[in-house]
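# Residue-level structural notes
So you can see what is in the structure, the chains are spelled out below.
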There are 2 protein chains.
Amino acid sequence: MGRGVTLWFTGLSGSGKSTLAQHITPILKAHGCKVEMLDGDEVRQNLSRGLGFSKADRDTNIKRIGWVAKVLTRNGVVTVAAAISPYRGVRQWCREQIGDFVEIYVDCPLEVCEARDTKGLYARARAGEIKQFTGIDDPYEPPEDPEVVVHTAEESVEQSVQKILARLRELGYL
Amino acid sequence: MGRGVTLWFTGLSGSGKSTLAQHITPILKAHGCKVEMLDGDEVRQNLSRGLGFSKADRDTNIKRIGWVAKVLTRNGVVTVAAAISPYRGVRQWCREQIGDFVEIYVDCPLEVCEARDTKGLYARARAGEIKQFTGIDDPYEPPEDPEVVVHTAEESVEQSVQKILARLRELGYL
């Protein structure tokens, strides 16, 4: 396998983006793919320190992830991006830039994400300690035509991963 | 060839970094390498818009190039970075992060760079229109132990390129 592609996970905080990305990565490697995971938090640390959570800053951050994903993808790497990426416009920009782009909507009701509250962020957002938190006081724009939708409130991780792999096969990336 | 490495060109503005990078890229591709060029100006545009030319901002910009180079290099890409990168400390940081790192010092006297003035920047710096210009009113710290030194005031582009290729062979990257 030498064909690059970006798997773009989008969804609310706590929806399961990173979990799915972490589960699919070794499977793709076992298929002989070069795989690089771009995690939203890690990329913020390395490329976007100083940026905040306004729409403009979020878009800048996502464009940086998109640019790195483009460079990796055109060098044959399967790039797994996991970032909330709440805005449709900039996801579309990434799709156009990257070309080989598979958008995976990690659909999970806000109530479920909030009940999980993996990082304790929803509690802090509800308490007003964090502002501009996606789903609470900042918008999330669901994809209109993603290549894959997974429903993590109803499916197991394994089921969601299989769904994604099946779609990658269908699209000729596996 | 699947082995990644970063070729890190450092030197004054107008010393010939981009010219050498552009000449060596197709030769490396002809050797079967995947090659990605990270040009200082292009990276600033994509990853560091808003950063200036203070030491802190320059270091941040170079660390971002270094981070992208690391990710590419570990995926088997020959990454050709061409940025002034005037500070020794952050170049050392990149070396440690990346591991497979070949530092190429593009040595050229300031007078020659200034006489070339490819981008018209030296004239503007002398006129005081640009501040913090490396070599004029901002420092350049030459590498102490680079893998390659090329002297572009005396060598032809072809000679410098051959010198770099010979060193890459010696180091086992070609």
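Data block above holds the structure.
Below is a summary of the structure that appears in this document.

So, how was this worked out
- Residues numbered from 1 in each chain as written.
- Chains lettered and ligands numbered in written order.
- Predicted model: local features only at pLDDT ≥ 70, side-chain atom pairs only at ≥ 80, totals over all residues.
- Heavy atoms only, no water.
- Salt bridge = Lys/Arg side-chain N within 4 Å of Asp/Glu carboxyl O.
- Buried < 20%, exposed > 50% of the residue type's maximum accessible area, 1.4 Å probe, protein only.
- Helix = DSSP H or I, 4+ residues; strand = E, 2+ residues; numbered from the N terminus.
- Contact = heavy atoms within 4.5 Å.
- Buried area = accessible area lost by both parts, 1.4 Å probe.
- Nonpolar A, V, L, I, M, F, W, Y, C, P; charged D, E, K, R; others polar.
- Least-squares fit on C-alpha atoms with pLDDT ≥ 70 in both.

## Some words on the pattern of salt bridges
The tally for this structure, following the rule as stated, stands at 26 salt bridges over all chains. Of the charged contacts, one joins arginine 124 of chain A and glutamate 129 of chain A as a salt bridge, the two residues approaching to 3.4 Å between their closest N and O atoms. Residue class for arginine 124 of chain A comes out partly exposed when judged on its relative accessible area of 39%. Judged by its relative accessible area of 54%, glutamate 129 of chain A is exposed. Notably, a salt bridge pairs glutamate 147 of chain B with arginine 95 of chain B, separated by 2.8 Å at the nearest N-O pair. In this pair, glutamate 147 of chain B is assigned in the loop between α6 (121-126) and β5 (148-151) and arginine 95 of chain B in helix α4 (residues 88-98), connecting sequence segments 52 residues apart. Each member of the pair, glutamate 147 of chain B as well as arginine 95 of chain B, carries the same accessibility label: buried. One continuous salt-bridge network, built from bridges that share partners, spans Arg91, Arg95, Glu103 and Glu147 of chain A.

## Focus on the interface of chain A and chain B
Note: interface size is frequently given as the accessible area lost on complex formation between the parts. In this complex, chain A contributes 19 residues to the contact, which on the side of chain B involves 19 residues. Across the chain A/chain B interface, buried area totals approximately 1,700 Å², and carbon plus sulfur atoms make up 56% of it. Among the residues chain A hides against chain B, the three largest losses belong to Arg64, Trp67 and Asn75 of chain A. Together they make up 38% of the total. Here chain A and chain B share 2 salt bridges between them. Two residues, glutamate 36 of chain B and arginine 74 of chain A, come together in a salt bridge whose shortest N-O distance is 2.4 Å. Contributing elements (two or more residues each) for the side of chain A that touches chain B: β2 (35-39), α2 (40-47) and α3 (55-73) of chain A. The element that contributes the greatest number of residues to the side of chain A that touches chain B is α3 of chain A, accounting for 5 residues. Class assignment of the residues belonging to the side of chain A that touches chain B gives a composition of 9 nonpolar, 4 polar and 6 charged.

## Points about the relation of the copies chain A and chain B
If you rotate chain A by 180° and push it 0.0 Å along the axis, it lands on chain B with an RMSD of 0.0 Å. The two molecules are tied by a two-fold rotation axis, judged by turn and shift. By residue overlap, the copies meet face to face through one surface: 100% of the interface positions of chain A are interface positions in chain B.

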